[in-house]
Every structure is written in C-alpha cells, then in structure tokens.
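Working through the structure, step by step
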Amino acid sequence: PTAPTLQRLIALYEPIAAFVADAVASGERPVSVAGDCVATLGVLAGLQRAGVAATVVWLDAHGDFNTPETTPSGFLGGMPLAMAVGRGDQTVVRGLGLTPIAESQVILSDARDLDPGEREAVAESGVTHLRSVEELLTMPLPDGPLYVHFDCDVLRTADVPAVLYPAAGGPSTDEVRAVLRRLAGTNRIAAISLSTWAPDLDEDGRSQTSVLDLLHELT
C-alpha cells in the first residue's frame, strides 16, 4: 500500500496475466470483467505468455490513447491502449513482462470522445480507427487470433445509462450485438475483456442486463 500507484497496479494485474496464460494453455477462452480498461494490460501479458499474438479489437467510447503529455486529467483509465503499444509510462507494461504490441495490431472502434492531444496521437498512429462500430460488420478482419475488448460505455446511454464517463451518441445494443456476433463467428477469439457498468448507478438493473447479454454473444 505504500508503493507508487503504478507499482501497485502491477500487483493487481499480475494475477490476471497468470490466469489468462493458464486458461489459454488449457485450451480455454479467458474472460476478464473489470472496472476499467487498464486491466487489459494483464490480459495482453497473459496472452503473450501463452504464445498468442492477437489482433486487438477495442470497442470503446474513448480512445484510451492518452499519455502523461496529452491527458488533461491524469486519469490512468484513459491511457492503457497507449501503454500497450509502447507509448507513455511503461511501468506496468515492463512489470508484467509485456512486450508492447505493434500499433498495426490494433483496431479501435468508435472512440467518439477523444481529448485534443489524444486525437492527434490516434490520427498519426498505426492504429486502425473505425469511427463506427458498424464498420466491423464489413471490413476484412486480419488473419490469426483476436482479443476483443468491450468497454460498455461505447453504447449509447439510452441503452446503458449506468456509466461513469458517458459520451453523447454511440451505437445501440442491437448494432453492437451484430458486431459481436460477427467477431464470435470467426471462431478465432482468444480472449475477451469487459470494462463494466457502474453498479451504484444501475438502479433498475437495466445496464447490467444489457451488458451481460452482449457479453454472452462472445462467450
């Protein structure tokens, strides 16, 4: 508890990495459900330990592509995709033994709410940025395994209102369902992660029901 925040995150995500590596080695498909997107670093580390080099399909209302130089808030949850490709602070990446993935291995879908510096970083990067999740219905998917990360705030708030960082617009649950079915239909999903709804805000349970229903499309 006295260590710096990033060092503490290594201790938090190391069990995720170990679980993912063991699950893949056993022929299973690991699923991570976490409160924010930084836990994806543990999933990626686990996949690498299992010898899996997957294309990352990242569905999110945000880019999570900030670095300490571009972030207006300092929020670590807005940085994990940048960390994963070797940008920004690499403390957690190195601590998990994760080799940064190539930007060309990332498909970022939606990311309609980008900070100014983050927007520039995404635009000049090698990341494939699809501004509509529906583009995933028709684009040719790369060969090999896929790692699908789904942040539920990618959905329009009319369908999933219980999120901490809502962004105007976004796809409906039916639109996302069609995309997830296409991804699942490849039979090449190696791992799945979900950044979940905010339970304290989900008074009627509608967000939980919608998100878990969509998660089941992948599992």
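This is a predicted model, so every value here is computed, not measured.

1. Re the packing of aromatic side chains
By the definition in use, this model includes one aromatic pair. Pairing Phe75 with Tyr165 gives two aromatic rings, centres 5.1 Å apart and planes at 40°, and the pair type is tilted. Here the residue Phe75 occupies a position in the loop between strand 2 (55-62) and helix 3 (80-84), and Tyr165 occupies one in the loop between strand 5 (146-151) and helix 6 (173-185), the gap between them amounting to 90 residues.

2. Considerations on the packing of helix 1 (residues 5-25) against helix 2 (residues 40-49)
Closest axis-to-axis distance for the helix 1/helix 2 pair is 7 Å, and the angle between their directions is 40°. Judged on the interaxial angle alone, helix 2 and helix 1 are oblique. Handedness of the crossing formed by helix 1 with helix 2: right-handed. On the side of helix 1, the interface is formed by Tyr13, Glu14, Ile16, Ala17, Ala18, Val20, Ala21 and Val24, while helix 2 contributes Gly42, Val43, Ala45, Gly46, Leu47 and Arg49. Grouping the amino acids of the contact of helix 1 with helix 2 by side-chain chemistry returns 10 nonpolar, two polar and two charged.

3. Here's the deal with the sheet that holds strand 3 (residues 106-113)
The strand order across the open sheet built from six strands is 1-6-5-2-3-4, with neighbouring strands paired in parallel fashion. Both edges of this open sheet fall to strand 1 (31-34) and strand 4 (128-130), since each of them pairs with a single strand only. Shown here is a sheet whose adjacent strand axes are inclined to one another by a mean of 15°, direction ignored. Across six bridges, strand 2 lies against strand 3 in parallel orientation. For Asp60, the partnering residue across the bridge sits in strand 3 and is Asp110.

4. Quick word on helix 2
Burial runs high along helix 2: eight of the 10 residues are buried. Of all the positions in helix 2, only Thr40, Leu41, Gly42, Val43, Leu44, Ala45, Gly46 and Leu47 are classed as buried. Positive backbone phi, approximately 80°, marks Gly51, located one or two places after helix 2.

5. What to know about the environment of Leu108
Position of Leu108 among the secondary structure elements: in strand 3. Judged by its relative accessible area of 0%, Leu108 falls in the buried class. In this structure, the C-alpha to C-alpha distance between Leu108 and Val133, residues 25 residues apart in sequence, is 9.0 Å. Not counting the four nearest positions on each side in its chain, Leu108 is found in contact with Trp58, His62, Gly63, Leu81, Val122, Val127, Thr128, His129 and Leu130.

6. A look at the pairing of strand 2
Here is the key point about a regular strand: its side chains alternate between the two faces of the sheet. Taken across its eight residues, strand 2 has eight buried, putting it largely inside the fold. By the bridge criterion, five bridges tie strand 2 to strand 5 in an arrangement that is parallel. Among the inter-strand pairings, Leu59 is bridged to a residue of strand 5, identified as Phe150.

7. Focus: the environment of Leu41
As for its placement among the helices and strands, Leu41 is situated in helix 2. Along the backbone, Leu41 and Met83 are 42 residues apart, and their C-alpha atoms lie at a distance of 8.2 Å.

8. Observations regarding the pattern of salt bridges
Enumeration over the complete set of coordinates arrives at 10 salt bridges. The salt bridge involving Asp213 is made with Arg177; its shortest N-O contact spans 2.8 Å. Pair noted here: Asp213 is in helix 7 (residues 206-218) and Arg177 is in helix 6, with a separation of 36 residues, a long-range link. When its relative accessible area of 16% is taken as the criterion, Arg177 is described as buried.

Cut-off values and rules
Residues numbered from 1 in each chain as written. Predicted model: local features only at pLDDT ≥ 70, side-chain atom pairs only at ≥ 80, totals over all residues. Heavy atoms only, no water. Phe/Tyr/Trp six-rings, centres within 6.5 Å; stacked < 30°, edge-to-face > 60°. Helix = DSSP H or I, 4+ residues; strand = E, 2+ residues; numbered from the N terminus. Axes fitted to C-alpha atoms, helices over the stretch in contact; angles between N-to-C directions. Parallel < 35°, antiparallel > 145°, perpendicular 65-115°, else oblique. Left-handed = near helix turned anticlockwise from the far one by under 90°. Contact = heavy atoms within 4.5 Å. Nonpolar A, V, L, I, M, F, W, Y, C, P; charged D, E, K, R; others polar. Pairing = 2+ DSSP bridges. Buried < 20%, exposed > 50% of the residue type's maximum accessible area, 1.4 Å probe, protein only. Salt bridge = Lys/Arg side-chain N within 4 Å of Asp/Glu carboxyl O.

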